[in-house]
Amino acid sequence: MNSINHVAIIMDGNGRWGLKRNKSRNFGHRAGLVTVENIIKHTIKKKIKYLTLFAFSTENWKRPKKEIKFLFSLLEEFIIKKLDVFQKEDIKLKIIGSKIKLKKIESILNKAQKKTNNNKRLQINLALNYGSKNEIIDSVKKLIKNKEIINIKNIDKNLYTKFIPKPDILIRTGNTHRVSNFLLWQIAYTEIYFEKKLWPDFKVKDYDRIINDFKNVKRNYGNI
Ligand code: IPE
Ligand code: IPE
Ligand code: MG
């Protein structure tokens, strides 16, 4: 039976969820936070050590200013509200992504990371202003600059995810079958689950179904 060390999630479908209820896209984003809380709790219960959540991509800056502003205020509110809980629950928060353009919330992000840095039960990697292609390019550039060999091990060590094991499971909700520039390098041998449900409708029982399915997957890694 496969053990699970790391689950990564593309939390998609908030906007459509809000609109479907004749409310705003932002209403859907707020509803999505409830799912985030439930999934974190269940990840702890299942003794999974790493949870990576895609919260904002480098491409999401194309969205209307009003939505971007709302997303970042929601994020700030969430982190401030949850910091004590993270501490109590022994959860470490790590931000992955480019720091450029995150100046306004940088101090709160730094504070949360510093405060939770020694926590051990679960590490949450929050992908913020994250784009996988640039992450890979930056890693290779660094190797060239330092005159190091370009190989898998060295590319790995300059990614935001260094020290983090590769995801075992990638879940994308929202009935869309693509990876949208998320962890392209890291998911080479990850099991991918595309879920029809929109993120606010994704429940612990859906998560459990995936976890249970994964346990019996035969992972070949090229072998037979
Ligand atoms: C959430 O879902 C993803 C974020 C960028 C926060 P969306 O906002 O993409 O929702 P849909 O796909 O438009 O429904
Ligand atoms: C991916 O969702 C990004 C996040 C979940 C943060 P998008 O909704 O931005 O992806 P595309 O644009 O439909 O591919
Ligand atoms: Mg979307």
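Shown above is the structure to which this text applies.
This is a predicted model, so every value here is computed, not measured. (Residues numbered from 1 in each chain as written. Chains lettered and ligands numbered in written order. Predicted model: local features only at pLDDT ≥ 70, side-chain atom pairs only at ≥ 80, totals over all residues. Heavy atoms only, no water.)

**Student:** Hey, could you go over the overall build of the protein chain for me, with residue numbers and the actual values?
**Tutor:** Each helix and strand in the protein chain was counted, giving seven helices and six strands. Going residue by residue from the N terminus, the α and β elements of the protein chain occur as β-α-α-β-α-β-α-β-α-α-β-β-α. Against the compact-globule benchmark of 17 Å for 224 residues, the protein chain has a radius of gyration of 17 Å, which places it among compact chains. In terms of principal-axis extent, the alpha carbons of the protein chain reach across some 55 × 45 × 35 Å. Contacts spanning at least 24 positions in sequence make up 75% of the contacts within the protein chain whose residues lie at least 6 apart. With the model as given, the accessible surface of the protein chain reaches about 12,600 Å², and the carbon-plus-sulfur share is 55%. Across the protein chain, the centroid of the 49 positively charged side chains sits 2 Å from that of the 21 negatively charged ones. (Helix = DSSP H or I, 4+ residues; strand = E, 2+ residues; numbered from the N terminus. Rg over C-alpha atoms; globule rule 2.2 N^0.38 Å. Contact = heavy atoms within 4.5 Å. Areas by Shrake-Rupley, 256 points an atom, 1.4 Å probe, with all protein chains shown as cover. Lys, Arg positive; Asp, Glu negative; His and termini not counted. Charge placed at Lys NZ, Arg CZ, Asp CG, Glu CD.)

**Student:** Could you give me a rundown of the site of ligand 1, with the residues and numbers involved?
**Tutor:** Near ligand 1, the surroundings consist of 13 residues, among which Asp12, Gly15, Arg16, Arg25 and Arg63 are the closest. Backbone polar atom of Gly15 to an oxygen atom of ligand 1: 3.0 Å apart, as the coordinates give it. Within the contact set of ligand 1, an oxygen atom lies 2.7 Å away from a backbone nitrogen or oxygen of Arg16. Those elements that provide at least two residues to the shell around ligand 1 are α1 (14–20), α2 (25–45) and α3 (65–88). When residues of the shell around ligand 1 are assigned to their parent elements, the largest contribution, three residues, is made by α1. (Near = heavy atom within 4 Å. Polar contact = N/O pair within 3.5 Å; in protein donor to acceptor, adjacent residues only side chain to side chain.)

**Student:** Can you tell me about the site of ligand 2, naming the residues and giving the values?
**Tutor:** Residues in close proximity to ligand 2 include Ile10, Met11, Asp12, Phe54, Ala55, Phe56, Asn60, Arg63, Arg172, Arg178 and Ser180, which together make up its full environment. In this structure, Asp12 approaches ligand 2 through a side-chain N or O atom, which is 3.1 Å from an oxygen atom. At 2.7 Å, a side-chain N or O of Arg178 approaches an oxygen atom of ligand 2. In isolation ligand 2 exposes 390 Å². Once the protein is present, 78% of that is buried. The greatest single-element share of the shell around ligand 2, amounting to three residues, is contributed by strand β2 (residues 50–57). Its residues placed into classes, the shell around ligand 2 shows five nonpolar, two polar and four charged. (Nonpolar A, V, L, I, M, F, W, Y, C, P; charged D, E, K, R; others polar.)

**Student:** Hey, could you go over the packing of α2 against α3 for me, with residue numbers and the actual values?
**Tutor:** α3 packs onto α2 with a crossing angle of 30 degrees between their chain directions and a minimal axis gap of 10 Å. Relative to α3, the element α2 lies roughly parallel. The handedness of the crossing between α2 and α3 comes out as right-handed. Taken together, the residues of α3 that come into contact with α2 (itself represented by Arg25, Asn26, His29, Arg30, Leu33, Val36, Glu37 and Ile40) are Lys66, Glu67, Phe70, Leu71, Leu74, Glu77, Phe78, Lys81 and Lys82. Residues of the contact of α2 with α3, tallied by class, amount to seven nonpolar, two polar and eight charged. (Axes fitted to C-alpha atoms, helices over the stretch in contact; angles between N-to-C directions. Parallel < 35°, antiparallel > 145°, perpendicular 65-115°, else oblique. Left-handed = near helix turned anticlockwise from the far one by under 90°.)

**Student:** Residues and numbers for the side chain of Asn158, please.
**Tutor:** Position of Asn158 relative to the elements: it lies in the loop between α6 (152–157) and β5 (169–172). A distance of 3.5 Å separates a polar side-chain atom of Asn158 from the backbone oxygen of Ser139. Setting aside anything within four residues of it in sequence, one finds Asn158 in contact with Ser139, Lys142 and Leu143.

**Student:** Residues and numbers for helix α4 (residues 103–116), please.
**Tutor:** Over its 14 residues, α4 runs 20 Å from end to end, which matches the ideal 20 Å to within 8%, given 1.5 Å per residue. Buried residues in α4 make contact with α3, β3 (91–96) and β4 (122–130). (Expected span 1.5 Å × (residues − 1).)

**Student:** Kindly report on the pairing of β2, identifying the contributing residues and their values.
**Tutor:** Across the eight residues of β2, seven count as buried, placing the element largely inside the fold. Of the pairings in the sheet, the one linking strand β1 (residues 6–10) to β2 comprises five bridges and is parallel in character. Bridge assignment links His6 to a residue of β2, and that residue is Tyr50. Bridge count between β2 and β4: seven bridges; the pairing is parallel. Looking across to β4, one finds that Phe54 is bridged to Ala127. (Buried < 20%, exposed > 50% of the residue type's maximum accessible area, 1.4 Å probe, protein only. Pairing = 2+ DSSP bridges.)

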